[in-house]
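Next come the chains, spelled out residue by residue.
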Amino acid sequence: MHKKGKTIFFDTPPIIIGHAGVVGKKEGEGPLAEDFDAIFEDTTMGQQSFELAESAMLHDAIIRALSSAGCSPSQVDFVLSGDLLDQCMGSAFALKDLEIPSIGLYGACSTMALSLCVGSMLIDSGAQCIVAGTSSHFCSSERQFRFPLEYGGQRPPTAQWTVTGAGSAVLKKEGEGIKINAIQIGTITDLGITDANNMGAAMAPVDGRIRP
């Protein structure tokens, strides 16, 4: 790989050879319904907590992505994943039975892109197979960042609705699929947004331009 400005270009672009996305009932009622691999009517996934349900969704997405790629967990060099829970516990419980070397990432809404970026650099450095993934759950996120649903707090007009879902992608050096030709890691910028309920305003000015 070589770097030009803040952009990293790959001489042999990593390839997404398999992927999967699973969601909850509300997301399944939206305009992207046909693009999901599974829509779960029961957003508790039969688990005892929303946090465990999120882990179950991520585990499901990873298994589906591996199946799509024709790979087994034993063929994966590293799995890079994160979520919105303390210490990425959602990912930890999702991965604990797969026995794949795990790298936890926390990028909030950027975690999927971040895992693909880091995974691409690992592939370029010699890794043969990488799994990238992330998850979130509306109910676990409300408890983590705002108020538990049981509290019954009134939501302000700018309140966000965190996705209930999980996504995963499998990267390899060779194969058929989407190539990742270049990546750019963002910098930390304080734009003075002070409304904790209005995350849309905080994310809207993100500068996505490729700098030479």
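Everything here concerns the structure above.
Criteria and thresholds
- Throughout this document, residue positions are counted from 1 along each chain, in the order its sequence is written.
- With pLDDT at 70 or above as the cut-off, local features in this predicted model cover only qualifying residues; side-chain atom pairs require 80 or more to be listed or tallied, and sums for whole chains, interfaces and linings still use all residues.
- Note that water and hydrogens are dropped before the side-chain values are worked out from all heavy atoms of the structure.
- Helix and strand definitions follow DSSP, with helices as H or I runs of at least four residues and strands as E runs of at least two, each counted in order from the N terminus.
- The atom set for the radius of gyration is the C-alpha atoms, and the globule formula is 2.2 Å times the number of residues raised to the power 0.38.
- With a 1.4 Å probe rolled over the protein chains alone, any residue whose accessible area is under 20% of its type maximum counts as buried; one over 50% counts as exposed, and the rest are partly exposed.
- Here a residue-residue contact requires only that any non-hydrogen atoms of the pair lie within 4.5 Å.
- Areas reported as accessible are Shrake-Rupley estimates using a 1.4 Å probe. Residue values count occlusion only from the protein chains shown.
- In this tally, Asp and Glu contribute negative charge and Lys and Arg positive charge; neither His nor the terminal groups of the chain are included.
- Every charge is mapped to an atom, namely NZ of Lys, CZ of Arg, CG of Asp or CD of Glu.
- Here, a salt bridge means any Lys or Arg side-chain nitrogen found within 4 Å of an Asp or Glu carboxyl oxygen.
- To estimate the expected span of a helix, subtract one from its residue number and multiply by 1.5 Å.
- Strand pairing requires that DSSP identify at least two bridges connecting the strands.
- Every axis corresponds to a line fitted to the C-alpha atoms, with the helix fit spanning only the stretch in contact, and the corresponding angles, defined between N-to-C directions, vary from 0 to 180 degrees.
- We call Phe, Tyr and Trp rings a pair once their centres come within 6.5 Å, taking the six-membered ring for Trp, and we label the pair stacked below 30 degrees between planes, edge-to-face above 60, and tilted otherwise.

**Student:** Report on the overall build of the chain, specifying residues and quantitative values.
**Tutor:** If you tally the helices and strands in the chain, you get six helices and 10 strands. On C-alpha atoms alone, the chain measures out to a radius of gyration of 18 Å, which is about the 17 Å that the 2.2 N^0.38 rule sets for 212 residues. The buried share of the chain, reckoned over its 212 residues, is 38%. For the chain, contacts bridging at least 24 residues in sequence account for 73% of all contacts bridging at least 6. For the chain, the exposed surface amounts to about 11800 Å²; the carbon and sulfur share of it is 55%. Across the chain, the 15 positively charged side chains and the 24 negatively charged ones have centroids separated by 8 Å.

**Student:** Can you break down the pattern of salt bridges residue by residue, with the values?
**Tutor:** Scanning the model with the defined rule gives three salt bridges in all. Note that Lys 25 is salt-bridged to Glu 29, the shortest N-O span being 2.7 Å. Look at Lys 25 and you get partly exposed, because its relative accessible area is 37%. A residue is classified by how much of its surface remains accessible, and Glu 29, at 57% relative accessible area, is exposed. For Asp 60, the salt bridge identified is with Arg 64, shortest N-O distance 2.4 Å.

**Student:** For helix H5 (residues 138-145), give the residues involved together with the corresponding values.
**Tutor:** For H5, the full list of buried residues reads Phe 138, Cys 139, Ser 140, Ser 141 and Glu 142. As for H5, its buried residues are in contact with helix H2 (50-69) and strand S7 (129-136).

**Student:** Let's hear about the environment of Gly 82: which residues, and what values?
**Tutor:** Mapped onto the secondary structure, Gly 82 falls in strand S5 (residues 78-82). Look at Gly 82 and you get buried, because its relative accessible area is 0%. Considered as a pair, Gly 82 and Ala 92 are 10 residues apart in the sequence and their alpha carbons are 8.6 Å apart. For Gly 82, the contacting residues outside a window of four places in its chain are Cys 88, Ser 91, Leu 105, Thr 111, Gly 133, Thr 134 and Ser 135.

**Student:** Before we move on, could you go through H2 and cite the residues and values that matter?
**Tutor:** Over its 20 residues, H2 runs 29 Å from end to end, which matches the ideal 28 Å to within 8%, given 1.5 Å per residue. Of the residues making up H2, those classed as buried are Ala 53, Glu 54, Ser 55, Met 57, Leu 58, Asp 60, Ala 61, Ile 62, Ala 65, Leu 66 and Ala 69. Where H2 ends, the next residue or the one after it, Gly 70, has phi of about 70°, a positive value.

**Student:** Which residues make up the environment of Pro 73, and what values go with them?
**Tutor:** Relative to the helices and strands, Pro 73 is located in the loop between H2 and S5. It is 9.4 Å that separates the C-alpha atoms of Pro 73 and Ile 62, two residues lying 11 residues apart in sequence. Excluding anything up to four places from it in sequence, Pro 73 contacts Leu 66, Leu 98 and Ile 100.

**Student:** Residues and numbers for the sheet that holds strand S1 (residues 2-4), please.
**Tutor:** Judged by pairing direction, the sheet is antiparallel, and its three strands sit side by side in the order S1-S2-S10 without closing on themselves. Edge positions in the sheet fall to S1 and strand S10 (182-184), since each of these pairs with one other strand and no more. With direction set aside, neighbouring strand axes in the sheet form an average angle of 25°.

**Student:** Could you give an account of unusual backbone geometry, with specific residues and numbers?
**Tutor:** The bulk of non-glycine residues show a negative phi, and the bulk of peptide bonds are trans. One non-glycine residue with positive phi stands out, namely Met 45, at about 55°. For Met 45, the position within the fold is in the loop between strand S4 (38-40) and H2. One non-glycine residue with positive phi stands out, namely Ala 108, at about 55°. Note on placement: Ala 108 falls in the loop between strand S6 (102-104) and helix H4 (111-124).

**Student:** Break down the packing of aromatic side chains for me, citing the residues and quoting the values.
**Tutor:** The geometry of an aromatic ring pair comes down to the distance between the two centres and the angle between the two planes. Summed over the entire model, instances satisfying the criterion amount to one aromatic pair. When the ring of Phe 138 is compared with that of Trp 161, the centres are 3.9 Å apart and the planes differ by 0°; the resulting orientation is stacked. Residue Phe 138 is found in helix H5, and its partner Trp 161 is found in the loop between H5 and strand S8 (165-172); the two are separated by 23 residues along the sequence. Judged by its relative accessible area of 44%, Trp 161 is partly exposed.

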